[in-house]
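# Architecture and fold: a report
Read off the chains here:
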Amino acid sequence: MTDHPRETDFRTWVLEHRTRLRTTAFLLCGDWYLADDLVQDALGRLYSRWGKVVASGDPRAYVRRILCNLHTDYRRRPARREISEADVATLHAHPHTRIEERDDDLIAALLTIPSGQRTVLVLRFFEDLSIEQTAALLKTSPGNVKSQTSRGLDALRSALRTHPTKNMRPTRIEGAS
């Protein structure tokens, strides 16, 4: 049985972009397992609108917006959270991840700053979006993106100064460039 061309196109796109999407989701939430869930939900939503999204432009922009919305929804609804691990510290580690050791401190510090600022920093510097693209994606003003970026960078610098390397969790990220 052969796949429908829509399914083939979608699968090809997912294979090309899923590692980067997963890394973006991890940088937003700080938990590999939640990142996997966010990406899975986002891809499910993308698939249901695949034809329209492809026809209207860039699927990555659409799925980034879904990831941000899902992460915001997760943060705002603590009753939905479920932790079934006996050791909560293991939630941040993931067996299939890679990143340079020099980035461990940066990621650990990034996870300590407020979520809204972290979202802006991830979109601006990891996803390499412009101020205007980030503002459009988050449905906010460019001025707000600039101020969140400035505050987020200040918080990140402060976190890097106050957290010595020995206290940072080792983390590995796939697809980090």
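Counting restarts for each chain, with residues numbered from 1 along the sequence as it is written. Only residues with pLDDT of at least 70 get local features here, since the model is predicted, and only at 80 or more are side-chain atom pairs given and counted; chain-wide, interface and lining totals rely on the full set of residues. Here the side-chain values reflect all heavy atoms present in the structure, with hydrogen atoms and water set aside.

## A closer look at the side chain of Gln 148
Counted only if it meets this: Helical segments are the DSSP runs of H or I of at least four residues, strand segments are the runs of E of at least two, and each set is numbered from the N terminus. Categorising residues by exposure relies on relative accessible area from a 1.4 Å probe, with only protein chains included: less than 20% of the type maximum marks a residue as buried, more than 50% marks it as exposed, and the intermediate range marks it as partly exposed.
Mapping Gln 148 onto the fold places it in helix H8 (residues 142-162). Overall, Gln 148 belongs to the buried group, its relative accessible area being 17%.

## Some words on the confidence of the model for the chain
For residues with low pLDDT, the predicted coordinates do not support detailed interpretation. Put simply, the rule is: Confidence per residue, as judged by the predictor, is encoded in pLDDT with a range of 0 to 100. Two residues form a contact once any of their heavy atoms are found within 4.5 Å.
When the pLDDT values of the chain are averaged, the result is 81; 75% of them are 70 or greater. pLDDT under 50 marks residues 166-177. Its contacts with residues more than four places away, or in other chains, come to 40 contacts.

## A word on the nonpolar core
Quick note on the threshold: We define the nonpolar core as a collection of buried residues of types Ala, Val, Leu, Ile, Met, Phe, Trp, Tyr and Cys that are connected through side-chain atoms lying within 4.5 Å of one another.
Counting 37 residues, the largest nonpolar core has Trp 13, Leu 43, Leu 46 and Leu 67 as the members making the most contacts within it. A per-element tally of this core places helix H1 (residues 5-29) first, with 9 residues.

## Focus on H1
Test applied: For a helix, the expected span equals 1.5 Å multiplied by the residue count minus one. Two axes enter the bend calculation: one fitted to the seven residues ending at the residue in question, the other to the seven starting there, and the bend is the angle between them.
Compared with the 36 Å implied by 1.5 Å per residue over 25 residues, the 34 Å span of H1 between its first and last C-alpha is a close match. A maximum bend of about 50° is found in H1 at His 17. Just beyond H1, the residue with positive phi is Gly 30, at close to 80°.

## Notes on unusual backbone geometry
Although it is not a glycine, Asp 128 adopts a positive phi angle of roughly 60°. Here Asp 128 shows up in the loop between helix H6 (115-126) and helix H7 (131-138). For Asp 128, a relative accessible area of 63% gives the class exposed. With a phi close to 55°, Lys 139 is a non-glycine residue in the positive phi region. With respect to the element layout, Lys 139 can be found in the loop between H7 and H8.

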